[in-house]
Amino acid sequence: MHALKLIQTFLKVNLQIALAYRVDTLVNILINLMWLGVELIGLQIIFSNTDRLAGWGPGELVSLLGVFRLVNMLMASVIWPATEKFNTSVRDGTLDYTLIQPANSLFLVSFSRIIVWRVWDLALAIGLVVVGMRMSARDLASLTGEVASITSLASLAGFLVLVASGALVLYSLWVVLIALTFWFVKFDNNVTILQALLDSGRYPATVYPPWLRIIITYLVPIALATTIPMQGLRGDLSALQVFVFMGVGLASFLVALRVWKAGVRQYSGASS
Amino acid sequence: MLRIYYRFWQVNWYEQWQYRANLLMYLAYWLVSPVVYLAVWTTIARSQGSVGGLTANDFVTYYLTLLIADTLTSDITVHLLAYKIQDGTLSSELLRPVHPILTNTLVNNIAFKALVFMVLVPIWLVLVLLFQPDYSMVTIQSILPAVPALMLGFGINFLLGATLTCLAFWTTRVYSITEFYFALAILFSGQFVPLQLMPPLIQRLAAYLPFQFYIYFPVSLILGRVPPETIAWKFALGLAWLAVAYALFRLIWREGLKRFSSVGA
Amino acid sequence: MSSLEARSPESDAITVQDLTKTFKVPEREAGFGAALRSFVRRKYTPIQAVQQVSFHIGKGEIVGFLGPNGAGKTTTLKMLSGLLHPTSGQARVLGFTPWELKNDYLRAMTLVMGQRNRLSWDIPAADSFLLNQAIYRISDQDFKASLKELDELLELSPIMRKPVRNLSLGERMKCELAAGLLHRPKVLFLDEPTIGLDITAQARIREFLREYNRRTGASILLTSHYMADVTALCERIIIIHHGRLKYDGGISELSHRIAPYKLIGVALGEVRECDLSCYGTLVNAENGDGKQYIQVEVDEVTTITAQILKDLPVHDLTIEDPPIEHVIEQAFEE
């Protein structure tokens, strides 16, 4: 499909940029590793002081960290750079060039700037999820005396679907936030709220007081992309719930598309 | 001299006021971490009564006080100075007959703090209402020593921050270096969790490092958790670190200027 | 103003009919009270950027689109490229309505703005070209052919592989144009393509556009501040001022229209102050170059110059065309 070819080209171009700044890329990877170390130390401290956190065991929290890092990586490698580029292009008028290119403008705005070195974070995130699951399985085995499988196929499928729809919801929120710039031009900090609340995805939503839980589940749905998929993996959710969440993901994407279209029309003075 | 500081204050305050919209967003960003940690530790404390001798209320008071302390001791020099070194704008400030960092950058930091503090107070009060801490252990005697402690914490943080930012005279990767510094601060200052809950090795290291003065020491003073016999020794350590940071800064600044003027902007 | 005779629509690449664009700009007075008031009730001033403009441009024509700053040139160009919706009126370019932004239209035209760069700053232009190939769905065959031709005409080979950041302004403009022409558009909208370039670079770009038009038969609508761009490339110019079409016709007719004069700038040696008004009408030009300017009819330039050189201790003397803004102000002030 043409869209894939475009993404391929974007990746190639951004890889070139990364290679041109080789040492920077290396330093970035090292710093990323450092933060991983800090996060793991954090988890270690928590579990040296308690057995379970809000009903979640250490293995599950490691997996949750993996899911969080996955979401974070998608944000950091695609969304934040795209935001920067978009805000600049609105300010200096180069957005015009994007709008008259014969490809979907939202697609171009979202994917033209991909921070390539973050891709390795993907492998790391998956690794964390797997390691966490193994840890949980071991714990369970030592408790019940039987060898449990790491997880069921259904849970895994549910997990993947939920990660995808969670990511879709966050993406849609981002689209709406940046589209606001079409109406309120000086809205530079449009996505900061998203960035800010993202950190809460490290821990299961059940840890938070109800008011915060509501914010991160319904308003800025970080929990939809982190806690909910993990719940799916643990087998906590019914098939119906999984389908509902999938629907939420798709619906939010459709809403986002509409808002974007309306924004572009506003920008080009269609209504006036 | 005082008049010079006053003028710098006026200029910087006005500048920061212009960017106040950005401030709200910055605040939202910065508030989330402590609230998250608060939630995590109070959940643990409630589920088992206490953690390492600390009750849920101990955690609530710790993190809420941490918000205030962090605002007062934080340093944003790298965001104020690094770009000026890199694109040469620093030159114009060097031509003035005052030290640019110890005047302009310092006052800029303070103006930012004042603005943040103004916006923080109402938000902080809302958080107090939501989390309902029991602050009965706080007295005038506990707050009084915290005031110089906070100033000490800011002084060290500022000077170390400025020293690190000056590495921009030699490298473009100064932001990565400061990121590393921030990571160390998270571990050793008590930002993540009260230092008494950290693994013993980290606690032992933290006792000698400067980071404790940014958060753990002043907060513990306010909450009355510092044994009186150690207060004097801690202050002495703090002053020693202040002297070290100052000496380091002057050294790096001198060397950095030499390099700056030899290679041009 | 002369308008061209009726033309058959098939031969037209661009048709514009009563195109109008009015912007609503919020009024903002200074002061806190006004800011508060504006929060509650916004007052708007309508700015009529383009008023009832009509013209046709045929296939293969190169037309200059002139006017002082704020005259409505860029707004018109934005409407024709599809970026802006007009308040009223119609336009058709290559059979499409531009602001519907149909992909087929976007692939057939190009917009290049001299003051805004589309090329990515950090990577070589060659990589931006590859990106455009993907976006415009140019086949490998066509891409290679296009690139070869553009390379020939613009001498891209030495500069294509350097990061755009390291190129000079002239080199960058060449790459910007190349990037905009890889997909062989049939209509080119160029907004001040030579701005800020030195004389040689300007000449190169003009040559290139002439040759490109000859080879491909593309229609070009070009705005510029520089009379030289226009005289070199366009047989026909359209002048727009205060949003209205003031003139649409050939260049030679225009120069008869305008009071035909030149500006002589004189810098005197030791004697700083000297009254030049006996030689021609004194013009107040704040060029800051220490010269005094007088306006002289074209036919008399040689004689007056000779006279000045004979009479006065001249340090420096230049003979210049009046700036385009002046011409338009003078000719169309009503």
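The paragraphs below set out a description of the structure included in this document. Keep in mind that this is a model prediction, so the values were computed, not measured.

Secondary structure summary: chain A contains twelve helices and zero strands in total. Along chain A, helices (α) and strands (β) appear in the sequence α-α-α-α-α-α-α-α-α-α-α-α when read from the amino end. Taken along its principal axes, the extent of the C-alpha atoms in chain A is 70 × 45 × 35 Å. Expressed as a percentage of the 272 residues in chain A, the buried residues total 37%. Pairs at least 24 residues apart make up 76% of the contacts formed inside chain A by residues separated by at least 6 positions.

Another point: the interface of chain A and chain C. Listed per partner, the contact involves 22 residues of chain A and 24 residues of chain C. Of all the elements in the fold, those that place two or more residues in the side of chain A that touches chain C are helix H1 (2-20) and helix H4 (95-99) of chain A. The class makeup of the residues in the side of chain A that touches chain C is ten nonpolar, nine polar and three charged.

Another point: the interface of chain B and chain A. Contact residues are listed per partner, giving 28 residues for chain B and 27 residues for chain A. Secondary structure elements with two or more residues in the side of chain B that touches chain A: helix H2 (20-48) and helix H8 (174-188) of chain B. Element by element, the count of residues in the side of chain B that touches chain A is highest for H2(B), at 13 residues. Residue composition of the side of chain B that touches chain A, grouped by class: 20 nonpolar, six polar and two charged.

Now for unusual backbone geometry. Residues and elements named next belong to chain C. Even without being a glycine, glutamate 192 presents a positive backbone phi close to 55°. Summarising the element assignment, glutamate 192 is placed in the loop between strand E6 (187-191) and helix H8 (199-216). Non-glycine residue histidine 242 carries a positive phi angle of around 55°. Here histidine 242 lies in the loop between strand E8 (236-241) and strand E9 (244-250). Residue histidine 242 is classed as partly exposed on the basis of its C-beta count, with 16 C-beta atoms lying within 10 Å.

Conventions and cut-offs
Residues numbered from 1 in each chain as written. Chains lettered and ligands numbered in written order. Predicted model: local features only at pLDDT ≥ 70, side-chain atom pairs only at ≥ 80, totals over all residues. Helix = DSSP H or I, 4+ residues; strand = E, 2+ residues; numbered from the N terminus. Buried ≥ 20, exposed ≤ 12 C-beta atoms within 10 Å, placed from the backbone. Contact = placed C-beta atoms within 7 Å. Nonpolar A, V, L, I, M, F, W, Y, C, P; charged D, E, K, R; others polar.

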